[in-house]
Amino acid sequence: MSMLERLESALAGGPAAIRAILGEVEFPHVEGRNVTFLFDGEADEITLHHWIHGLPGELQFRRLRRSSLWVLQIDLPRRSRMEYKIGVMRGSRGELVRDPLNSHLARDPFGANSVVYGEGYEPPEWTVEDPEARKGTVEERHLDSKVFGDWRPIQIYRPARFRETRRYPLLVVHDGLDYLKFANLQEILDNLIHRLELPPLIAVMTQSLDRMKEYAADEQHADFIVKDLVPQMEDLLPLIREPSARAMMGASFGAVASLSTAWRHPGFFGKLFLQSGSFVFTEIGDHDRPPMFDPVVKFVNKFRKKPGRPADQVFLSCGVYESLIYYNRSLVPLLQETGMQVRVREANDGHNWENWRDRLREGLSSLFPGPLWHVYE
Amino acid sequence: MLSSAIVLGPQRRDPIVREAIEDLVPGRNSSVAVITAGWEEREGEDEELREHVNRPLINLKIWARVESILEKDKELREAVRERHVTWRRVQEIYRLRLGGLLGSTKELLRRGDGDPLFAVEEQDSWELVRGLDAQHMARVALIHADFAERIKPAERETVQKERRELEKQLADVSCLLVAGGHVGVLLHRMQLFDVCSLWGDRPTIAWSAGAMALSERVVLFHDEPPQGSSYAEVMEAGFGELPDFVALPHARHRLQTDDSVRVRMLSRRFQPARCALLDYRSRFDLRNGEWTAQPNSRQLSQDGLVEEVVR
């Protein structure tokens, strides 16, 4: 008997039978590809709000007979993650709430969403603090930017057992503070270095004061990274001063900032990690995105005409439930034609921080392979 | 080949080296020497081991000796770097060929299910894989031979000086310990001083990468690497001191031993050598060419299972 059938037949048994199911079963309930959402409450309309490209933006729950129970069943492919909120309409008043029956939350700079895991998906164990892993440190600093003429906040991650006498590779992270907060970047670096999947490295997290402008393929931002940030970090920290030991990463507009910086300063960074890049372009006519995309589209159109060879290696990831998947897929053959070494990972996920978190292991270890293959302590 | 050796699993958390030393050189409180070159710059951080062993312990500081030689000898340093680059390229090419061969062999194993026609093809496939492994070992040996011929490391004064010191240090030692770590670093730094010849056929205890380096071939493996191929690959020949023995340290973490196809892939490829799982408290003893094992020591079977070693 499917969950929907169980709920319907339990209705005949009254509230106690329903409570028994709620006590016994977790909702949303996942059976293979079928996911059943349940909402218990008086309302005029209940909807599921999600950010999955390809599905209608709002999915209607169905009231079970004349009870206060509302149900929705959807098809969710294996190993998917889906973030959502529930829309509750009472009279003319509507609100978006997190699913009261679901304790799984995904946080982002705007708050938190409920999240359902499709069959076969589990949050990777390497994303949470491992008590055995030696801990690196994160230092907050401000960087004097000649390019912007102001002070920029940065965070510097130093690996466990950091030594001034050693030389380390450098990873520059756009939206770095968000990566630390919402993608567990510090724990992940600690864990992957501990497991020898990454070599000890130094990560510098940058956070823009005006992200939608500076990350939108802005020339000044590219200069800031190449002329301010990296040279100052090389003066301050024991870094390997070679392109092959420099990587830059970012998600969404952060990926655009990474690619455009590398494109404006080809060969300066040897490695790029581009996550769900907002690489919108046009073949003809105008794009249908908000005006903040104008400079991005201009850059991507130029890049598509003359990509050059921004770096040696690129790892690109994108969720297949993102509207950006088309643009990212279109970029791949172009990147390959430049002669760069390109690796791509698609995931059954959307445009969100946990998707970006879950790709960090493969992306980082592919750009900076650790000594795992050769070390047997 | 050593007449008397003990091979152990990792020693960091639950060490059993002391018991092994007492069994191998009983009734003597003489010094033992240890090679921790695989720990690289942490080579000297041997306090825990020293405390556990509880007898005079000489760290041979092989890693540091090589570092100091390379610092002074630019030609040797460049040649070592160049050799490493060549080895990496050869390894990549071998990996390309290996992936193709092992991919088809794996399919034969998966689909065979007792079918005699598949079994014959599988046998032939293994011959090809073993042939490729042997060819690769020969290619890497040529890289080393070329390096030795051109650079003549053994004839360099700096190397000879350190070697003489090592010889002196080893003279009054009753047992040699070879710890784990980075197997390539360990192997190549030991090779530079030809430590195995200096030591000769005296009691030896090795664990993890130490055991890999002393084996006939160094097999690199991980069933679930974060990226790249998960096929085990041969790095190069080891010192050949441990006969018919493939050392697989940290097997619990690195191998999917509940996957019968993967287990058969390893055990059949390297037969007749024993694929020994070196986890905490594993212990394999070698006496005059015969292997025995302590309880809880496990190996991979030809049938795709993990079996306890019968003493």
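In this text, all values refer to a predicted model and were calculated from it rather than measured experimentally. (Residues numbered from 1 in each chain as written. Chains lettered and ligands numbered in written order. Predicted model: local features only at pLDDT ≥ 70, side-chain atom pairs only at ≥ 80, totals over all residues. Heavy atoms only, no water.)

**Some remarks on the overall build of chain A**
Here's step 1: On a plain count of helices and strands, chain A comes out with 11 helices and 19 strands.
Here's step 2: For chain A, the C-alpha radius of gyration of 23 Å lies close to 21 Å, the compact-globule estimate for 377 residues.
Here's step 3: Principal-axis analysis of the C-alpha atoms gives chain A an extent of 75 × 60 × 40 Å.
Here's step 4: When burial is assessed residue by residue, chain A has 56% of its 377 residues classed as buried.
Here's step 5: Pairs at least 24 residues apart make up 73% of the contacts formed inside chain A by residues separated by at least 6 positions.
Here's step 6: Looking at chain A as shown, the accessible area adds up to about 16400 Å², and 50% of this sits on carbon and sulfur atoms.
Here's step 7: In chain A, the 47 positive side-chain charges and the 53 negative ones have mean positions that sit 3 Å from each other. (Helix = DSSP H or I, 4+ residues; strand = E, 2+ residues; numbered from the N terminus. Rg over C-alpha atoms; globule rule 2.2 N^0.38 Å. Buried < 20%, exposed > 50% of the residue type's maximum accessible area, 1.4 Å probe, protein only. Contact = heavy atoms within 4.5 Å. Areas by Shrake-Rupley, 256 points an atom, 1.4 Å probe, with all protein chains shown as cover. Lys, Arg positive; Asp, Glu negative; His and termini not counted. Charge placed at Lys NZ, Arg CZ, Asp CG, Glu CD.)

**Regarding the pattern of salt bridges**
Here's step 1: Across all of its chains, the model carries 56 salt bridges over all chains by this definition.
Here's step 2: Linked through salt bridges whose partners overlap, the residues forming this network are A:Arg81, A:Glu83, A:Asp349, A:Glu354, A:Arg357 and A:Asp358. (Salt bridge = Lys/Arg side-chain N within 4 Å of Asp/Glu carboxyl O.)

**Notes on the interface of chain B and chain A**
Here's step 1: Listed per partner, the contact involves 32 residues of chain B and 18 residues of chain A.
Here's step 2: When chain B packs against chain A, the two sides together hide about 2100 Å² of surface, and 50% of this comes from carbon and sulfur.
Here's step 3: Broken down residue by residue, the surface that chain B buries against chain A is led by B:Pro226, B:Gln227 and B:Arg254, which jointly contribute 30%.
Here's step 4: In this assembly, chain B and chain A are joined by four salt bridges.
Here's step 5: Between B:Arg13 and A:Glu132 there is a salt bridge whose closest N-O contact spans 3.8 Å.
Here's step 6: Scanning the region where chain B abuts chain A turns up 12 residue pairs in polar contact (both at pLDDT 80 or more).
Here's step 7: When contributions to the side of chain B that touches chain A are tallied by element, the ones reaching two or more residues are helix H4 (74–112), strand S5 (181–182), helix H9 (209–214), strand S7 (217–220) and strand S8 (233–237) of chain B. (Buried area = accessible area lost by both parts, 1.4 Å probe. Polar contact = N/O pair within 3.5 Å; in protein donor to acceptor, adjacent residues only side chain to side chain.)

**Observations concerning the domain arrangement of chain A**
All names here are of chain A.
Here's step 1: Assigned domains of chain A: these are domain 1 (3–117) and domain 2 (125–374).
Here's step 2: A C-alpha centroid distance of 36 Å is found between domain 1 and domain 2.
Here's step 3: Residue-level contacts link 14 residues of domain 1 with 12 residues of domain 2.
Here's step 4: Carbon and sulfur atoms supply 50% of the area that domain 1 and domain 2 bury against each other, a total of about 1100 Å² over both sides.
Here's step 5: Of all residues in domain 1, His53, Arg81 and Pro109 bury the most surface against domain 2, accounting for 48% of the area lost on that side.
Here's step 6: Here arginine 81 ties to glutamate 354 by a salt bridge, and the two come within 2.9 Å at their closest N and O atoms.
Here's step 7: Looking at the side of domain 1 that touches domain 2, the elements that each hand over two or more residues are strand S7 (81–90) and strand S9 (105–108). (Domains from an automatic or database assignment.)

**Focus: the pairing of strand S13 (residues 170–173) of chain A**
Regular strands have side chains that alternate between both faces of the sheet.
Residue and element names in this part refer to chain A.
Here's step 1: Residue alternation in S13 divides its side chains into two sets, Leu170 and Val172 and Leu171 and Val173, and both sets are buried.
Here's step 2: Relative to strand S14 (residues 202–206), S13 runs parallel, the two sharing four bridges. Each residue of the ladder has a partner; that of valine 172, found in S14, is valine 204.
Here's step 3: Taken together, the four bridges between S13 and strand S15 (residues 246–251) define a ladder with parallel strand orientation. Among the inter-strand pairings, valine 173 is bridged to a residue of S15, identified as methionine 249. (Pairing = 2+ DSSP bridges.)

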